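Listed below are the residues making up each chain.
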Amino acid sequence: MTKRTYWLEHAWLGTEVEPGVVVETEGGRIGAVRTGAPTPPPGAEVLRGLTLPGLANAHSHAFHRALRGTVQVGSGTFWTWREVMYSVADHLTPDTYHALARAVYAEMALAGVTCVGEFHYVHHAPGGTPYADPNAMGEALIAAAAEAGIRITLLDTAYLASAIVNKHSGEPPNHHQLRFSDGSAEAWAERCSVLKERDHARIGAAIHSVRAVPAGQLATVAGWAQQRRAPLHVHLSEQTAENDACLAAHGCTPTRLLADHGVLGQRTTGVHNTHLTDEDIALLGGSGTGTCMCPTTERDLADGIGPAVALQRAGSPLSLGSDSHAVIDLFEEARAMELNERLRTRTRGHWTAAALLRAATADGHAALGWDEAGTLEPGALADFTTIALDSVRTAGPLPRLGAETAVFAAGAADVRHTVVGGRHVVRDGAHTLVPDVPQALSAAVDALRG
């Protein structure tokens, strides 16, 4: 097993920033952590700046990266944005999706992300015809993550309807959505059961939303995840129209509907959780259901600001995602969650910097089923990232305020190193596995537009 020693000029160890930290790795895990080392030991790899546990991007739609810039033209709503999204999804193939996702995941590594939760629903060919390998699209994403050097939880997503019709059924998928659907939750479960986990990849489940999975089929998806002790994610109350339709058909909110069908629980994460009632918040917190906030997407789509403070106080662990990839920057996601609350309440300091970093690290990994990642301690996976403390954004504050600097000043451009499983994936700001990431992104996006 490969042994490596790293000397961290400064490291955030969960509560405080420590100077001069030695981390020994073996077999992809951290074997020892020693503080009080003012100089690097012989043979150690030196990481100048502030080292954090690897960041977990808990909610991603990799193909949305092709929308960046395009959907910022003009005005509209989530629903007009969705039509542009469909036009990109229509052109995806296993090969084009692999090329795009490889570049997107490389961009994430450059931003300090070591694990991604891919909320994956583009399963079949246009028109809904399965590929020869029914999991060809999911396998393309798993391979892309491996080639980009990061971990992935493939959240294979059930998407069966275009809208709620009544208590018993949904409106059939439209022509764009046919390739998302397996026809039934049972067929979805049969296909998902073929997917295999790997060292860098775990398989989870997702319910796209209560509008896309009829109530009678929610329990099948939840049961599949429960049987495997796998993470289960769901878009929840992102739009008021979703709440209105659910109330009209079921006489309850989406959160209550999920609770009544056994979806909520400690391995479940609601994504967005934007438009909630007090009862919804109590149901989510009381069941230990997590909340994944995606502030840069929520503001880009004009979705609204979710009640993250109330959710966490009720018992819902917080994680962060870049979702549509308007930007890929977990520091910005953490910062935006706090700053959104400041704008809404006109008060400051809803979370400490350490709490926001935990959402981006340990709690994000836990939401994706990687409980052994997201900390710098013996036994944890050797996944960490280093940001510069001497850039134009980060220079000035004392190193002991590194957590505050990371959250409130740093950005993806300040990442200098990313290590996954004890191996450098980003060194001195350059990706070691994917050459010329900007060119790879441009080529992959151009292929979809062509």
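Residues numbered from 1 in each chain as written. Predicted model: local features only at pLDDT ≥ 70, side-chain atom pairs only at ≥ 80, totals over all residues. Heavy atoms only, no water.

(A) Spotlight on the packing of aromatic side chains. All told, the structure shown has nine aromatic pairs when counted by the stated rule. With a centroid separation of 5.2 Å and an interplanar angle of 85°, the aromatic rings of Tyr-6 and Phe-384 are classed as edge-to-face. Of the two residues, Tyr-6 sits in strand 1 (residues 3–12) while Phe-384 sits in strand 15 (residues 384–387), which places them 378 residues apart along the sequence. Both residues of the pair, Tyr-6 and Phe-384, count as buried. Consider the rings of Tyr-121 and Phe-180, whose centres lie 4.8 Å apart with planes at 75°: the pair is edge-to-face. In this pair, Tyr-121 is assigned in the loop between strand 6 (113–120) and helix 3 (136–148) and Phe-180 in the loop between strand 9 (170–171) and helix 4 (185–192), connecting sequence segments 59 residues apart. These aromatic residues form a ring-pair network of at least three members: Phe-63, Tyr-86, Tyr-97, Tyr-121, Tyr-159 and Phe-180. Stacked on the ring of Trp-370, the Lys or Arg Arg-202 has its end atom at 3.7 Å from the ring centre. (Phe/Tyr/Trp six-rings, centres within 6.5 Å; stacked < 30°, edge-to-face > 60°. Helix = DSSP H or I, 4+ residues; strand = E, 2+ residues; numbered from the N terminus. Buried < 20%, exposed > 50% of the residue type's maximum accessible area, 1.4 Å probe, protein only. Lys NZ or Arg CZ within 6 Å of the ring centre and 35° of its normal.)

(B) Spatial organisation of the pattern of salt bridges. Tallied over the full model, the rule gives 20 salt bridges. Where Arg-102 meets Glu-147, a salt bridge forms, and the shortest distance between an N and an O atom there is 3.3 Å. Of the two residues, Arg-102 sits in helix 2 (residues 94–110) while Glu-147 sits in helix 3, which places them 45 residues apart along the sequence. Overall, the relative accessible area of 24% leaves Arg-102 in the partly exposed class. (Salt bridge = Lys/Arg side-chain N within 4 Å of Asp/Glu carboxyl O.)

(C) Structural context of the sheet that holds strand 15. Ordered in space as 3-2-1-4-15-16-17-18, the eight strands form an open sheet in which the pairing is mixed. Looking at strand neighbours, the two that pair on one side only are strand 3 (29–34) and strand 18 (430–431), the edges of this open sheet. By the bridge criterion, four bridges tie strand 15 to strand 16 (residues 415–420) in an arrangement that is antiparallel. Paired with Ile-387 across the strands is Val-415, a residue of strand 16. (Pairing = 2+ DSSP bridges.)

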